[in-house]
Every structure is written in structure tokens, then in C-alpha cells.
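# Tertiary structure, described
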Amino acid sequence: MPTIAEQILSAKVGRPVEPGEIVRAPVDFAFGHDITLPPAIEEFERLGVETVFDPERIAVIPDHLVPAHNEYAAELYGACEAFAAEHGTVFYPQGSQGQEHVVVPEDGLVKPGDLMVGADSHSCTEGALGAFATGVGSTDLAFAMAFGWLWLRVPETTRVEFVGEPDPWVCGKDLVLAALAELGVDGAVSHAIEFGGPVVRDLPMDDRFTLANMAIEAGAATGIVEPDGITRAFADAHAGGEYAIYVPDDDAEYATVATIDCDGMEPRVAVPNLPANAVSVSEVQTEGVEIDQAVIGSCTNGRESDLRAAAEVLDGSEVAEGVRLIVTPGSRRLERLCVEEGWTATFLDAGATMENPGCGACFGQRTGVLDAGEIAVSTTNRNFTGRMGHPESEVYLASPAVAAASAVAGEIAHPEEVA
Amino acid sequence: MGRAFVFGDDVDTDAIIRAEHVTSADPDALAAHAMGGADPTFAGRFEPGDVVVAGTNFGCGSSREHAALALKGAGASAVVAESFARIFFRNAINVGLPALRVESTAGISEGDALRVDVGEGSVTDETTGEVLRAASYPAFLRELVDAGGLIEYGRRLLAEGGEGPDGPASRRAGTGGP
Ligand code: SF4
């Protein structure tokens, strides 16, 4: 009695499949980025095939180290550029660059019902479309680009239901942090997480991408948001054409069902060093956590509603002395939208640094690297030891509104107190 | 025979290979920084044949294959853990690093002499005499491991020009997809 993940994989493989089985599944779309694609190219060459299975179903999206900050990054970019040119794949060159999990849905490269693999762990993000989207390694990507299929273990499904009436400041980030606190960082290893419930039915797509994005932080293969009219409207606007909507059967069998009661839920903050360490923002406030840096962006929270929420909180305010605020729009379209909507002016007036679209400061390599003893509040998805720089730095994960409010307050704050 | 290097639960990929060292996909170069985020002295002490032992959810975090490659480059005869993060497990199989899942690693102490038999799926702690049974690989994964990893398996498919037994044609070049 199939869950969404089982229905999608059954449709792809052409027969009913069961959790635990290993199947050879045709992929609708595959992509890699500037760190994972170059090793995949080497493996692809070892296979000895001359062409990819279908260039229109493969994208090369350099976003981690773009623009290059050292010679190694430049070499990686060059490898991506050469591969895309040789095989005629979809390509996002510098100048049209964007964060991969923001541009793939925005440009309609993946549709509801698709099977997508990305050589990036947050490739579960696109599951927000009601697709089976999963992260793989470079060797997997090489194989998928050559053969057009990949071995997959059909996952068990963990169902997460959000019920109740949250506080108006609660967004997708808070919901997923609450779910992670319930599941734990190994609460759904290799499972598909299926997100649903009345709170999700009201959620805009941007928030749904945030939900699905962090499924991997519970170890999941994919995070599928139950699709509905909001999904269809997004797919029609961004992808067009035909797609398949799968909803779970009434008697779908779940390995686990977690119900998250959102009644009165306040914004959440995941304290160091695990994304599942989520507590309410007021609990963190009683500790008085002073921050050195605030980061708004990434595949988790670099979309339109995230930038709007940050601009609304920052409007007319200034970042506290000694705090560095970094804002990274997820795509070129969003970068322009920030200018058109006046958000860029708001960010700059507040004293923020605007970065080019891409991964930005999320992973402590190219920009916004933290020194020993420094503390950041960030809208990204991981606060592991050393994730954003020095092993003795610390990261608190929160929503864009909380990160913006904290930048103004100089310490982790509830947006209500600043806006 | 190798020595056990024991770690806890939730060892993430930043602990296995710090992002700043992901400047090469060469297993030998990566080996110099293996486990550096968890124990900077590891690479200097670990010798080929030694075994990485951990609790649950080993390799969580990033999809970077560099983590599996660093341990392969260091010459680990296997990683033995109570459970693996999904992408790390895939990567290990795909690059030919044995990843063995056992019920409990609690009885293994740092420095114990371990004998790992991947084919048989057993881990013998010669220091304590305890024998652990590893979960067996499904047939398809055994095929991959026997072939020497995913790429070797793919080369064999191409050489045979065959089709997958329960899936689409092994190579769909030019077919325009499913
Ligand atoms: S934004 Fe951060 S988490 Fe997302 S793909 Fe980039 S580095 Fe990874």
C-alpha cells in the first residue's frame, strides 16, 4: 500500500516495488556542482563512454566556489565548463550562477513525480515538488550520466504530520527544526520522509523547499512534501508540460509516523553542534547568545520569501556594532528581485554585505569563514563542529527573520522585538 | 590483521575529511588528512590494514566522496559501524571501501587487533576473542563489490552490451530518457 516514494519508484521501474529492495531506476534529471562534478568527470572518463545519456537531463551548476577564490577553485570551475561544453549539458556559467537547489526548481528542471539525483547531499530539497530527489556521490553521478539509471534501495517511509496553529513568525525552517528535534539526526537514516498535515497544506512552495532540504539532517534519502494545488501552480509556472502527482494511499504503510504539534509554536533555534538541537528562541534568549556574524541565504533559506522576511525585519534598522551580516540571494533572478523590491537598499542601509548568488558562507570555505571563538546565527542547514570555519567557532541555525533580528540586536533575538 | 581506531556515534564527513582538505580527489593525498576533524593525529598513526570502528550513523553530513576515498587511501581494511549514513554507504560501496554493519561495536576498544573477513562478513576481535557478524550485502551490492566498484561494474555492462535484468536498457544514450 504505497507511500509517495514507493509510488514514484514503482512508476519509474515499471512494477510495484517494496521497501528494502534494490532497483535499477531510470533518472529523469541528474546534476553536479563544482566540488562533486570534477571527480565524477574522472570516473565518467574511466567508463570510456563518449557521450552522456541525454544532455538535456544533466546540469552542471558551479555554486560552491564561484567566483573562484584560489587556483584550485579556478581549476574546478574550468573542469565544469569544459565538460558542459563538450557534452552540451545544461550549464550555469558564472554570470548566470545560482545556488543549485534554488535554480533547479526555479528553472523547472525537475517536475512533480520525477526521479532526480544530485551529487550533493541536499538534493533531497527538490522532493518538495512531490518528486523523489536524492543525493548521491560523484561515482554515482558519473554512472547516472553515462547510463541514465542508478541503483537505489527503495526506502521505508517516515511520515511527518504537522498539526495545530503556530505563532505567526513560524516558517518552514522552524517546522523542520521542530521535526528534526523529534526525529534526531539519525531518526530517518535511508528513509524517505513524507511531509504532510494541515500546516503543510497552507505552506507556500518556498517553505516547502526548506522542509525538504533538511530531510537529510535526519539521515533521509529524500524529503517529499505531499503535493497539492500549490505544487501544481508552481510546476505549471516554472516547468510547464506534463507531470505526475502522487499522493499517499489511505492505507500507506509507514515505518514511523511523527506528529508535530505546532500549537503556539515559537520560532526555533538549533544550538551547536547538531541540527536536531532545536529549542525555542526564547529559551536561547535567556542565555543571551552574542553573535559575531549572521548569514541569510543557502539552499535552505535563499529564496524569495526568505529575502522578503529578512528585508521586512531589517527595514529601517541597522546591524549591531561588531556584527557582520551576509545576505546571499539564491539565484540571479532573486538578486534582481532584491533590487526591484528595494530589499537590496534595505540590506545595504542596514550594513549588510550582499554576496553573489551561490552557496555563500554556508560551508566555511570561500567567504564568511569564522575565527576561533566566534559565533554565528545562520539560516543554513548544518551547525556541525567547524562547519563555518574554525573548529572552536559555533553556529546557531534559525529562520531568516530570527537571523535578521539577531543581527540587529547583536544577540539571538525574536523578530517580534526588532520588527 | 589491523588495529582498531574507535570513534563514537554520528561521525560526520567534516570529521572524516575537513572541507579545507577537499582540494584533491586523490585517495593518497586525502589520506594525509583522514579523520582530521575528529583526531588530527589519526593520519600519522593509522597504517594500511587498520580498521575504523564507530557507533551509529557513521559518515553523516555531506555527500563528498572524498570521505570514503580518504579512508580508502589510508588503507583501511574496512569501516565497521553499527549503522552508516546513506550516502557514505553508497560511496563506500561504489569506490570499493568495505563498510560492514554489525549489531554493536561496544566491545571493541582502541588498539584491539581485528581480523576482518569481508567475503564472510565477520569481524574477529583477537584481543577479546569476540566474533561479530556483519549484515550481508544484497546480491546486487555483492555483484558491485565483486566487480571492484560501480565503475568497474559499468565497464563490464558496456563490454557485454547487455540490459539490466529488471530495469531499462543499461545505457539509454540517444533514447531521450524514460
Ligand atoms: S548552500 Fe550549503 S548546504 Fe546547500 S549545497 Fe551549498 S554548501 Fe551545501
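The paragraphs below set out a description of the structure included in this document.

## Points about the sheet that holds strand 3 (residues 58–60) of chain A
Spatially, 5 strands are ordered 4-3-2-5-6 (chain A) in an open sheet, and the strand pairing comes out parallel. Two strands bound the open sheet, and with one partner strand each, they are strand 4 (90–91) and strand 6 (132–135) of chain A.

## Here we look at helix 12 (residues 304–314) of chain A
Residues and elements named next belong to chain A. All of the buried residues in helix 12 are Asp 306, Leu 307, Ala 310, Ala 311, Val 313 and Leu 314. The buried residues of helix 12 all sit within an arc of 165° when viewed along its axis, so they share a single face. Following helix 12 by one or two positions, Gly 316 has its phi on the positive side, about 80°.

## As for helix 15 (residues 400–409) of chain A
Residues and elements named next belong to chain A. Counting buried residues in helix 15 gives 9 out of 10 residues, a clear majority hidden from the surface. Residues Pro 400, Ala 401, Val 402, Ala 403, Ala 404, Ala 405, Ser 406, Ala 407 and Val 408 constitute the buried set of helix 15. Where helix 15 terminates, the next one or two residues include Gly 410, which has phi positive at roughly 85°.

## Examining the sheet that holds strand 9 (residues 192–196) of chain A
By way of backbone hydrogen bonds, the strands of a sheet pair with one another, either parallel or antiparallel. All names here are of chain A. Overall, parallel pairing links the 4 strands, which are arranged 10-9-8-11 in an open sheet. Each having just a single partner strand, strand 10 (222–225) and strand 11 (256–261) make up the two edges of the open sheet. Strand-to-strand twist across the sheet, computed as the mean angle between neighbouring axes with direction ignored, equals 20°. Where strand 8 (residues 157–163) lies against strand 11, 6 bridges are found, and the strand directions are parallel. Across the sheet, Thr 158 pairs through a bridge with Thr 256, a residue of strand 11.

## What about the site of the ligand?
Residues and elements named next belong to chain A. Taken together, His 64, Gln 99, Asp 120, His 122, Ser 298, Cys 299, Cys 359, Cys 362, Phe 363, Asn 381 and Arg 387 are the residues near the ligand. Split by residue class, the shell around the ligand holds 4 nonpolar, 5 polar and 2 charged. Three or more residues apiece are contributed to the shell around the ligand by two domains, here domain 1 (4–259) and domain 2 (269–417).

## Details of the interface of chain B and chain A
Between chain B and chain A, the residue contacts involve 53 residues of the former and 52 residues of the latter. Of the roughly 4300 Å² buried between chain B and chain A on both sides combined, carbon and sulfur atoms contribute 56%. Viewed at the interface, chain A and chain B are joined by 2 salt bridges. Inspection of the chain B/chain A interface yields 17 residue pairs in polar contact (both at pLDDT 80 or more). Every element with two or more residues in the side of chain B that touches chain A is listed here: helix 5 (86–95), helix 6 (139–147) and helix 7 (150–160) of chain B. Per-element accounting of the side of chain B that touches chain A gives the leading share, 8 residues, to helix 7 of chain B.

## Quick look at the packing of helix 2 (residues 37–47) of chain A against helix 3 (residues 71–87) of chain A
All names here are of chain A. Closest axis-to-axis distance for the helix 2/helix 3 pair is 9 Å, and the angle between their directions is 50°. The orientation of helix 2 with respect to helix 3, classified from their angle, is oblique. Here helix 2 runs over helix 3; the crossing is left-handed. Taking contact as the criterion, the partners of Leu 37, Pro 38, Ile 41 and Phe 44 in helix 2 are, on helix 3, Leu 76, Ala 79, Cys 80, Phe 83 and His 87. Taken together, the residues that form the contact of helix 2 with helix 3 break down as 8 nonpolar, 1 polar and no charged.

## A few points about the pattern of salt bridges
Residue and element names in this part refer to chain A. Applying the stated rule across the entire model yields 27 salt bridges over all chains. Note that Arg 153 is salt-bridged to Glu 156, the shortest N-O span being 2.8 Å. Owing to a relative accessible area of 34%, Arg 153 belongs among the partly exposed residues under this scheme. The residue Glu 335 makes a salt bridge to Arg 332 at a minimum N-O spacing of 3.1 Å.

Conventions used here
- Residue positions are given per chain, counted from 1 along the sequence in the order it is written.
- For this description, chains carry letters from A and ligands carry numbers from 1, given in the order in which they are written.
- Residues qualify for local features only when their pLDDT is at least 70, as the model is predicted, and side-chain atom pairs are given and counted only at 80 or more; totals for whole chains, interfaces and linings, by contrast, use all residues.
- Heavy atoms from the whole structure form the basis of all side-chain values; hydrogens and water molecules are not counted.
- Note on pairing: two strands pair once DSSP finds at least 2 bridges between them.
- Helix and strand definitions follow DSSP, with helices as H or I runs of at least four residues and strands as E runs of at least two, each counted in order from the N terminus.
- Relative accessibility decides the category of a residue: with a 1.4 Å probe and only protein chains considered, values under 20% of the type maximum give buried, values over 50% give exposed, and everything between is partly exposed.
- Directions are taken from the helix axis to each C-beta atom, and the arc is the one they span.
- Geometry is summarised by axes, namely lines fitted to C-alpha atoms with helices restricted to the contacting stretch, and by angles between N-to-C directions that run from 0 to 180 degrees.
- Residues are classed as near a molecule or strand on a simple rule: at least one heavy atom within 4 Å of it.
- Amino acids are sorted into nonpolar (Ala, Val, Leu, Ile, Met, Phe, Trp, Tyr, Cys and Pro), charged (Asp, Glu, Lys and Arg) and polar (every other residue, Gly among them).
- Note that the domain bounds reflect an automated or database-derived domain assignment.
- Contacts between residues were defined by any pair of non-hydrogen atoms, one from each residue, lying within 4.5 Å.
- Note on definitions: buried area is the accessible-area loss of two parts on being combined, 1.4 Å probe, summed for both.
- A pairing counts as a salt bridge when a side-chain nitrogen of Lys or Arg comes within 4 Å of a carboxyl oxygen of Asp or Glu.
- Between N or O atoms, a polar contact is any pair within 3.5 Å; within protein, one atom must be a potential hydrogen donor and the other a potential acceptor, and residues adjacent in sequence are included only when both atoms are from side chains.
- Here the word oblique covers every angle except those under 35 degrees (roughly parallel), over 145 (roughly antiparallel) and from 65 to 115 (roughly perpendicular).
- Here is the rule for handedness: rotate from the far helix to the near one, and if that takes an anticlockwise turn smaller than a right angle the crossing is left-handed, while a clockwise turn gives right-handed.

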